[in-house]
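Inside the fold
Residue strings, one per chain:
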Amino acid sequence: MAEETVTINTLIKKVQSYSRDFDVEVLKKAYFFSREAHCSQTRIEGSPYINHPLAVADILSDMKMDISGIAAGLLHDTIEDTGTSVKDIKDIFGDEISFLVGSLTKLSRLEFMTKEEAQAENFRKMLLAMSEDIRVIIIKFADRLHNMRTLQYLPDNKRQRIATETLEIYAPIANRLGVGWLRIEFEDLSFKYLMPDLYDELVKKVTKRKEEQEGYLEEIKGIIESKLKEEGLHGKVTGRIKHNYGIYQKMQRQRITFDEIHDVMGLRIITDTNANCYTIMGLIHSLWTPIPGRFKDYIAMSKSNMYQSLHTTVVGPKGERVEFQIRTEEMHRIAEEGIAAHWRYKEKESIEDKDSRYIAWLRDLIHSQKDLRDAREFLEAVKGEVVPEVVYVFTPKGEIKELPVGSTPIDFAYSIHTQIGHKCIGAKINGRIVPLRYQLRNGDTIEIITSSAHGPSRDWLKFVVSQRAKSRIKQWIKTEERKQSIELGTRLLDTEMKKHHLKVSGLKAGEMQAIAKAFSMQLWDDLLMSVGYGKISPHQVVNRLLPEKPHEEVAHKTAKPHKEQKGISIKGIDRILYNTAKCCFPLPGDSLIGFVTRGKGVTIHRKDCPNLERLALDDARLVDVDWASSDESTSTARLIIEAVDKPGVLANLSSAISAMEINITQMEATTTQDGKARIVFNIDVKDRGQIASLMQKIAQADGVIRVRR
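Parameters at a glance
- Residues numbered from 1 in each chain as written.
- Predicted model: local features only at pLDDT ≥ 70, side-chain atom pairs only at ≥ 80, totals over all residues.
- Heavy atoms only, no water.
- Helix = DSSP H or I, 4+ residues; strand = E, 2+ residues; numbered from the N terminus.
- Buried < 20%, exposed > 50% of the residue type's maximum accessible area, 1.4 Å probe, protein only.
- Contact = heavy atoms within 4.5 Å.
- Areas by Shrake-Rupley, 256 points an atom, 1.4 Å probe, with all protein chains shown as cover.
- Phe/Tyr/Trp six-rings, centres within 6.5 Å; stacked < 30°, edge-to-face > 60°.
- Lys NZ or Arg CZ within 6 Å of the ring centre and 35° of its normal.
- Pairing = 2+ DSSP bridges.
- Axes fitted to C-alpha atoms, helices over the stretch in contact; angles between N-to-C directions.
- Expected span 1.5 Å × (residues − 1).
- Arc of directions from axis to C-beta.
- Parallel < 35°, antiparallel > 145°, perpendicular 65-115°, else oblique.
- Left-handed = near helix turned anticlockwise from the far one by under 90°.
- Nonpolar A, V, L, I, M, F, W, Y, C, P; charged D, E, K, R; others polar.
- pLDDT = per-residue confidence, 0-100.
- Disulfide = S-S within 2.5 Å.
- Salt bridge = Lys/Arg side-chain N within 4 Å of Asp/Glu carboxyl O.
- Core = buried A, V, L, I, M, F, W, Y, C linked by side-chain atoms within 4.5 Å.
- Patch = residues over 30% accessible without salt bridge, like charges linked within 9 Å, V, L, I, M, F, W, Y side chains within 5 Å.
- Lys, Arg positive; Asp, Glu negative; His and termini not counted.
- Charge placed at Lys NZ, Arg CZ, Asp CG, Glu CD.

What the protein contains, in helices and strands, is 27 helices and 20 strands. Residues counted as buried form 49% of the 709 residues belonging to the protein. Sequence separation of 24 or more characterises 65% of the internal contacts of the protein that already satisfy a separation of 6 or more. In the form shown here, the protein has an accessible surface area of approximately 35,800 Å², with 49% of it arising from carbon and sulfur atoms.

Next comes the structure, spelled out in structure tokens:
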């Protein structure tokens, strides 16, 4: 379907429909400025570039954005893509609009080592600006949404990258800010481009289910409407369909097929008061039997994004399960629009107090991560913070705390105060002592037991889930390990220097600085730490101190890497033993990282390897790694497949792999306790692209529930 073109006149009319008291000239001026700046540019499909800023502004007007936000939407690409400067925007449009446009401009003038680093740093900049003015992320949402709606015009590799980024970052943040419709569209569009065949198949199944159940739901709707009228209760009953990606997620999470999902369709009742929400729920439970464990009260305990509603599932007529959502008009508006339901910008005010609750998590995250040098680590912290599900627990004084599902007493302790977390040695839940691994449940009252002589354990990282706890524990361990490695490095260097009648204590500050710089390090302590870790030998440092042998380098005994590793290069390190990790089986095309192990050289991991959660603490031992070439050699990869346990599945999968001329080197098949098959293949593949194609093909095979590397 062709995209509807927005004009400045239709935009003005739309803004006038919800805000008559605004300066039309500001909007016109922003439009003409943007049109002039982009006059020589076209979008990839050939349309004038100005159509994109207009579409972004139109999406913002749908969200009833204020005039400064819409003007910034019209101007958002002018600094990055044209010769315009922030000063030009400021001189013409003032401080407020120039701040918004400047915050949306990528850091394209800075140089980064990798695309991932550039992406992460841009997000850090945007999220820092978002913590000052929420309109920054809302305008970015509108920009991304229009790009997603026109993604079909881009090459496949760009489609994959943008869709992945949208699914992993934009959709969760939209959810955290409560903008429900936007999260759904982000997720479904990403799903469509990342897994097109699965998406198309699911759309067909949902359409068929809708046709089958429409009459059934109409029957229930009629019963409810009749009962509401009989009881004198106000309530509007409508049907609702779970969005496609939500269905896919449920299938993956619960390891079930589409036919086993009972809440693809349901009913929503919108009433006038909170009290009537509970009354209507009672009415439904009097008509049909509620299913235990499926009732959720998000009115008494709203979600972190301020979502409120009652959810219940009952066994309806003919034994079919039916899910109900019951809420007020105001709750429904907030569920759909989130923070966008509360715009109120006056003079130089930012967002009102109620809205600041939406981004309190972000401000706390920014404060807790302010010492992080690595923007990628900050981005991972953001991803970890935008969790959709939470538990509600209480302090001994009755204060309610909201934590991610799966949180432990340690997560709770760190949510109170960093030092409480550091000194935690035990916990009482509802008056009973529990292990620190205990997973908190809704309604638990928690008392933390502390000891001043105690410190965090590395083992805690195996089970804590909150980003605050993870970052505090990592920070403490890194500080302690840095201290220990500096002490070890000092001892090792001192021992080596004594052989040449020198002492570490005899070095002058200028000499230390010069030697550190010779090893591309800013501080002497950084050099000592590298010596302590084994990245640099004491002999190499001493060579820099001996004037008669200024260029002598220590000889390393090295082993030749295996032939299949010849495509790997380790940045800044020559002639070193290395091997690929057997926990994640990295392939050409994967993003790589190396971990220095004393006496064993460098082990190459994928950057998304689960073991890096532990290894990343020792960032001084991490080195950048690249695939040096893309020759015809193959690498070993591992595929883990979960499928329905039935005859022929294994044969079909083996045939699918062989059909792509991929060699199977090892295979293992087992049956799980729940009656499903778990099949593991070790295969030889050329690169990440080849295994991605194979995984998509296997995912569509009959009986396959899930496939992963």
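Additional details are given in the paragraphs that follow.
Here we take up the packing of aromatic side chains. According to the stated counting rule, one finds 11 aromatic pairs in the structure shown. When the ring of Phe191 is compared with that of Tyr245, the centres are 5.7 Å apart and the planes differ by 65 degrees; the resulting orientation is edge-to-face. Highlighted residues: Phe191 in helix α11 (residues 180–194) and Tyr245 in helix α13 (residues 244–254), separated in sequence by 54 residues. In terms of burial, Phe191 and Tyr245 fall into one category: buried. Feature note: the residues Phe191, Tyr199, Tyr245 and Tyr248 constitute an aromatic cluster, connected by ring pairs. The ring of Phe93 has Lys29 lying over it, and the distance from NZ or CZ to the ring centre is 5.6 Å. Directly above the ring of Tyr307 sits Lys303, whose terminal nitrogen or CZ lies 5.1 Å from the centroid.

A few words now on the sheet that holds strand β10 (residues 432–434). Taken in spatial order, the 3 strands of this open sheet run β10-β9-β11, and their pairing is antiparallel. For this open sheet the edge positions go to β10 and β11 (446–450), each flanked by a neighbour on one side alone. Across the sheet, the axes of successive neighbouring strands diverge by a mean angle of 35 degrees, strand direction being ignored. Pairing of strand β9 (residues 424–429) with β11, which is carried by 5 bridges, proceeds in the antiparallel orientation. Each residue of the ladder has a partner; that of Ala427, found in β11, is Ile448. Sheet strands in contact with helix α19 (residues 409–416) are β9, β10 and β11, and its direction is about 85 degrees off that of β11.

In the sheet, strand β7 (residues 390–394) pairs with strand β8 (residues 400–404) via 5 bridges, with the strands oriented antiparallel. Pairing of Phe394 across the sheet is with Ile400, part of β8. Linking β7 to β8, which pair antiparallel, is a turn of 5 residues; within it Gly398 sits at a positive phi near 90 degrees.

Next up on the list: the environment of Gln16. Within the fold, Gln16 resides in helix α1 (residues 8–18). On the accessibility criterion, Gln16 (29% relative accessible area) is partly exposed. Leave out the neighbours within four places in its chain, and Gln16 touches Phe22 and Val24.

An ideal rise of 1.5 Å per residue puts 20 Å on 14 residues; helix α14 (residues 274–287) measures up with 21 Å between its terminal C-alpha atoms. Listed in full, the buried residues belonging to α14 are Asn276, Cys277, Ile280, Met281, Leu283 and Ile284. Looking straight down α14, one finds that the buried residues subtend no more than 160 degrees of arc, so they occupy a single side. Structural note: α14 exposes Ala275 and Ser286 on the side pointing more than 90 degrees away from its buried face. In this structure, the buried side of α14 is in contact with α12 (196–231), β2 (265–271), β5 (310–315) and β6 (321–328).

Another point: the packing of α1 against helix α2 (residues 24–37). Where α1 meets α2, the closest approach of the two axes is 11 Å, and the angle between their N-to-C directions is 150 degrees. By the angle class used here, α1 and α2 are roughly antiparallel. For the crossing formed where α1 meets α2, the hand is right-handed. Packed against α1, whose contacting residues are Ile8, Leu11, Ile12, Val15 and Gln16, the element α2 presents Val24, Leu27, Lys28 and Tyr31 at the interface. When grouped by side-chain class, the residues that make up the contact of α1 with α2 number 7 nonpolar, 1 polar and 1 charged.

Here we take up the confidence of the model for the protein. Residues shown with low pLDDT carry predicted positions that ought not to be read at fine detail. Considering every residue of the protein, the mean pLDDT works out to 82; 84% of them sit at 70 or more. At the level of individual helices and strands, the protein shows its lowest average pLDDT in helix α16 (residues 353–356), which scores 52, and its highest in α14, which scores 96. Note that residues 344–354 has pLDDT below 50 and, in this model, 19 contacts with residues that lie over four places away or in other chains. Scored below 50 in pLDDT, residues 548–566 shows 23 contacts in the model against residues more than four places distant or in partner chains.

In an α-helix, one full turn covers 3.6 residues, which means residues spaced three or four apart are oriented alike. Across its 15 residues, α11 extends 21 Å between first and last C-alpha, which sits within 8% of the 21 Å expected from 1.5 Å per residue. Of all 15 residues in α11, 11 are buried; the element is thus mostly enclosed. Residues Gly180, Leu182, Arg183, Phe186, Glu187, Asp188, Leu189, Ser190, Phe191, Tyr193 and Leu194 constitute the buried set of α11. Looking at the buried side of α11, the elements it contacts are α9 (135–149), α10 (156–176), α12, α13, α15 (329–337) and α27 (688–699).

What we call a disulfide is simply a covalent bond connecting the sulfur atoms of a pair of cysteines. In total, this model carries 0 disulfides according to the counting rule given. A disulfide-free cysteine, Cys584 has its sulfur positioned 3.8 Å from the sulfur of Cys609, the nearest such atom.

For the rest of this paragraph, the subject is the pattern of salt bridges. Taken as a whole, this structure holds 24 salt bridges when the rule is applied. Across the pair Asp156 and Arg159 runs a salt bridge, and its minimum N-O distance is 3.4 Å. Of the two residues, Asp156 and Arg159 are both situated in helix α10; the distance of 3 residues between them amounts to about one turn of the helix. When its relative accessible area of 45% is taken as the criterion, Asp156 is described as partly exposed. In this structure, Arg706 engages Glu642 in a salt bridge whose closest nitrogen and oxygen atoms are separated by 4.0 Å. Of the two residues, Arg706 is situated in strand β20 (residues 704–708) and Glu642 in strand β17 (residues 635–644); the sequence distance between them amounts to 64 residues. Judged by its relative accessible area of 28%, Arg706 falls in the partly exposed class. Overlapping salt bridges, with partners in common, bring together Asp66, Glu96, Asp133 and Arg135 in one network.

The biggest cluster of nonpolar side chains holds 100 residues, and the ones touching the most others in it are Leu11, Phe141 and Phe324. At 9 residues, α12 tops the list of elements feeding residues into this core. Setting aside residues up to four positions removed in sequence, Phe141 forms contacts with Tyr170, Ile173, Ala174, Leu177, Leu182 and Phe186. One finds Val391, Cys424, Leu440 and Ile473 within the second-largest nonpolar core, a separate group that totals 23 residues.

In this section: the sheet that holds strand β18 (residues 663–671). Note on sheets: strands pair through backbone hydrogen bonds, and any given pair is parallel or antiparallel. Overall, antiparallel pairing links the 4 strands, which are arranged β18-β19-β17-β20 in an open sheet. Pairing within the sheet leaves two strands with one partner each, and these edge strands are β18 and β20. Within the sheet, the average angular offset between the axes of one strand and its neighbour, ignoring direction, is 20 degrees. Summarising the sheet, β17 and strand β19 (residues 676–685) pair through 10 bridges and their orientation is antiparallel. Within β19, the position partnered with Glu642 by the bridge is Arg678. Running at roughly 20 degrees to β19, helix α26 (residues 649–659) makes contact with β17, β18, β19 and β20 of the sheet.

We now examine a negative patch on the surface. Where like charges cluster on the molecular surface, the negative patch consists of Glu211, Glu212, Glu214, Glu218 and Glu225. Within the secondary structure, Glu214 is located in helix α12.

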